[in-house]
Amino acid sequence: MARILIIDDEEQLRDLLKQMLSRDGHEVVTAFDGVDGMRVFNQFNPELVITDIIMPNKDGIEVITELLCRNPNVAIIAISGGRRAITAEFNLESAEMLGVKGILSKPFTRDQLREAVQHALGL
Amino acid sequence: MAIKTKNIIDFKSEAGRILLTSMGALLLLMVSAVFLSSYLETQLGSFKEVVFLGLAMVIALGAQWFLLKTIQSPQVLSPEERVHTTNEKLRHILNSITRQVESALGIKNTAVGGIENPADMLAATLIQCVAIMSEQVQSLLSALQMGSNESLEEARQSFIPLIDKTAETITQYLHVSQNIDNQLRERINETQQLLLNLRRELATVPQNQQQDTSQLFACIRQMGDVLETHLLIDNVVKKQLEVVTHDTNDSAFTLITLMRDLSDQAGNLVRYITETISKINAMENGVDESVGYIVRIGHFIQDIPEKIQRDIQAIQSASGVIDSLSYLVDSIKEISFQTDILAVNAAIQAAHAGDAGLGFKIVADEVRKLAVNSNKAAEMIEAGLDTARHTIHEGLKFKFLEEVMQQMNEAAQMMDSVKKLQEGHEDMRQYYKTLFTVINQSNMKLAQDISEILGSIQYQDIVRQRIERMQAAMQRRNELLQEFAIQLDVTSGNNMDDFATALNAVLNGYLEEESYHGNSLNSSDDGDQPPKFELF
């Protein structure tokens, strides 16, 4: 099982994801925005990062860019539901262009999450 | 071929010797049989027949002795004849070697030519293709920086067939390399066979005769040295060619992989930008709509003071008219008052007149009624004017409030539009930020890939340099071998002391040059070592 960092500004979704992944036996920590996410990443050194795209302070695109610049092989899953004119499709396609290992459009099922996590971790 | 012919001659000679010996033995047996038969007859016949039979036996023995002597020749030759025979044999060996060398040079003309022309041509084609691709990549990046999606797609489309062309060229290049390698392998085998035959030929010469032809033997040993060095050079070239082919194979594979990745990445980028631009257009249309709405509200607000001013002026004008009508009412009231006084005075005067004034009194009363009615009418008009004035004032108030309400509504709508505009601006900012981040990262990746491709292109040039150095060494070797062949024809092996040394010098010079360029042949054994690059 893997160490996983979840970065999302929606507390409910954050907690739900943590609960789902913990049930699968993963060690999960959370962060509420990009800045907090980078801080936790440095402390926790996770094997997988699941990050939302639209967030205050530091968005998911910045987080992904910074993490991949540090280590091009770091496993990242981007999740997004879009906001107003910015669609989830655009956000996730942008993340894919940057080189993330998986994308999930909100809302998603537990099975979809599990499959994406296993694929990203190469299980 | 010469060796094979020689072997056939030897075989025939040996077979002839066995045949003659057998025939002699058979003849001797037959003579012995006749002699025994005659001996038995002499016991009964004449002495003369015995003499004839003895003579026949002597002749038979002599014939057998002659035949044996003829077929066991060398040992019984004179010293001059022995030297002559050995010299002839050695000359035969020399001629055989000369033909082999000439044959090797014949191979050189095709094999080394194969190294020189097609490989070099293909290497040049390869470098040209890669250079074109490099230019295409640069134009791809320029198109990307210009932001023109059409030019980007155009550059990418022209980029794709070049990848296939390069792959085809590299395949041809490797095929030619393989052919050259096969030819070299074949030539090495032939040369090895030549050396083996040479040693066999030398072994057939008896030891006691080798001293008589010491000069020729020394020459042949030198020739052996020359051929061994020649073989060594071919081996070195073959090994180096294997290194070059292996490195080219790796480099070409990397190059093609990078090119395909580059094309795929550019394609993804084009698709991403195309989709993104259409989304941005929709977003900009929304923002334009909000801006247009705000502009219309601005124009409306701008017109409000003027409209109010016009309304106020109209009201003020109406109010002036009402005020002027008020003066008229006052005049009517004054007239009515004076008429009333006049009627009262007339009534008094009519009373003073008695009966004569009765009719006048009636008129005075009517006039008085008229005055009263006039007054009432004036008061009614005044009341109406007051009502009108009041209505104008009230109307003015109402109009103002209505304007204010409308302004409030417009302001509320404007706030909503401003909010939408702000959200649109935030979305646009986020959108462009994401877009530029993706494009920037993609550009960095493209630049990195291009850098690696340039490295591979550079390595292709190193391959070309290696082949050129190989060609130079082979050329020097060939010149020496040609000179060597001429010497063999002219002097039968004299003045060839320096050939092996010269060939060794060629080999050592080549190895030293390769070592200087960091392409030591020993490194070829270690296939995991990364290729060493040098600037060109």
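Residues numbered from 1 in each chain as written. Chains lettered and ligands numbered in written order. Predicted model: local features only at pLDDT ≥ 70, side-chain atom pairs only at ≥ 80, totals over all residues. Heavy atoms only, no water.

**Topic: the packing of helix H3 (residues 60-70) of chain A against helix H4 (residues 88-98) of chain A**
Two measures define how a pair of helices packs: the angle their axes make with one another and the distance between the axes.
Residues and elements named next belong to chain A.
Next, step 1: Packing of H3 against H4 brings their axes to within 10 Å, and their N-to-C directions diverge by 10°. Taken together, the axes of H3 and H4 are roughly parallel relative to one another. For the pair H3 and H4, the contacting residues are Ile61, Ile64, Thr65 and Leu68 in the first and Asn91, Ser94, Ala95 and Leu98 in the second.
Next, step 2: Split into classes, the residues belonging to the contact of H3 with H4 amount to five nonpolar, three polar and no charged. (Axes fitted to C-alpha atoms, helices over the stretch in contact; angles between N-to-C directions. Helix = DSSP H or I, 4+ residues; strand = E, 2+ residues; numbered from the N terminus. Parallel < 35°, antiparallel > 145°, perpendicular 65-115°, else oblique. Contact = heavy atoms within 4.5 Å. Nonpolar A, V, L, I, M, F, W, Y, C, P; charged D, E, K, R; others polar.)

**A few points about the confidence of the model for chain B**
Residue and element names in this part refer to chain B.
Next, step 1: Per-chain confidence: chain B averages 69 in pLDDT, with 55% of residues scoring 70 or above.
Next, step 2: Between the elements of chain B, mean pLDDT differs from a low of 57, seen in helix H3 (residues 79-146), to a high of 75, seen in helix H7 (residues 358-491).
Next, step 3: Scored below 50 in pLDDT, residues 105-119 shows 29 contacts in the model against residues more than four places distant or in partner chains.
Next, step 4: Segment residues 520-536 is flagged for pLDDT under 50; beyond a separation of four residues in sequence, or across chains, it makes 26 contacts in the model. (pLDDT = per-residue confidence, 0-100.)

**Focus on the pairing of strand S2 (residues 27-31) of chain A**
Residue and element names in this part refer to chain A.
Next, step 1: In this structure, strand S1 (residues 3-7) lies alongside S2, joined through five bridges in parallel fashion. Its bridge partner lying in S2, isoleucine 7 is registered against alanine 31.
Next, step 2: Handedness of the crossover joining S1 and S2 through helix H1 (residues 11-23) is recorded here as right-handed. (Pairing = 2+ DSSP bridges. Right-handed = clockwise from strand over helix to strand, strands pointing away.)

**Here we look at the pairing of strand S3 (residues 48-52) of chain A**
Residue and element names in this part refer to chain A.
Next, step 1: S3 sits mainly inside the fold: five of its five residues count as buried.
Next, step 2: Examined bridge by bridge, S3 and strand S4 (residues 75-80) share five bridges and lie parallel to one another. In the sheet register, aspartate 52 faces S4, and the bridge partner there is isoleucine 79.
Next, step 3: Taken together, S3, H3 and S4 form a β-α-β motif whose crossover is right-handed. (Buried < 20%, exposed > 50% of the residue type's maximum accessible area, 1.4 Å probe, protein only.)

**Overview of the interface of chain A and chain B**
Next, step 1: In this assembly, 16 residues from chain A lie in contact with 20 residues from chain B.
Next, step 2: In terms of surface lost to chain B, no three residues of chain A exceed Arg84(A), Phe90(A) and Met97(A), which account for 37% of the buried area on that side.
Next, step 3: Applying the counting criterion to the chain A and chain B interface returns two salt bridges.
Next, step 4: Among the salt bridges present, the one from Glu62(A) reaches Lys433(B), with a minimum N-O distance of 2.8 Å.
Next, step 5: Our enumeration of links across chain A and chain B arrives at three residue pairs in polar contact (both at pLDDT 80 or more).
Next, step 6: Secondary-structure elements contributing two or more residues to the side of chain A that touches chain B are H3 and H4 of chain A.
Next, step 7: Ranked by residue count, the leading element in the side of chain A that touches chain B is H4(A), at six residues.
Next, step 8: The residue inventory of the side of chain A that touches chain B, partitioned by class, reads seven nonpolar, three polar and six charged. (Buried area = accessible area lost by both parts, 1.4 Å probe. Salt bridge = Lys/Arg side-chain N within 4 Å of Asp/Glu carboxyl O. Polar contact = N/O pair within 3.5 Å; in protein donor to acceptor, adjacent residues only side chain to side chain.)

**What about the sheet that holds strand S5 (residues 102-105) of chain A?**
Residues and elements named next belong to chain A.
Next, step 1: Spatially, the five strands line up as an open sheet ordered S2-S1-S3-S4-S5, and their pairing is parallel. Edge strands, defined here as strands with exactly one partner in the open sheet, are S2 and S5. Along the sheet, successive strands turn relative to each other by an average axial angle of 20°, direction set aside.
Next, step 2: With four bridges joining them, S4 and S5 adopt parallel strand pairing. What sits directly across from isoleucine 77, in S5, is glycine 102.

**Here's the deal with the nonpolar core**
Next, step 1: Core analysis: the biggest nonpolar cluster contains 43 residues, and Ile64(A), Leu67(A) and Ile76(A) have the highest contact counts within it.
Next, step 2: Looking at this core, the elements that each hand over two or more residues are S1, helix H2 (34-44), H3, S4 and H4 of chain A together with helix H6 (214-352) and H7 of chain B.
Next, step 3: Broken down by element, this core gets its largest block of residues, nine residues, from H6(B).
Next, step 4: Once residues lying within four places of it in the same chain are set aside, the contact partners of Ile76(A) are Leu48(A), Val49(A), Thr51(A), Ile64(A), Leu67(A), Leu68(A), Val100(A), Lys101(A) and Gly102(A).
Next, step 5: Leu13(A), Leu17(A), Met20(A) and Ala75(A) belong to the second largest nonpolar core, which has 19 residues in total. (Core = buried A, V, L, I, M, F, W, Y, C linked by side-chain atoms within 4.5 Å.)

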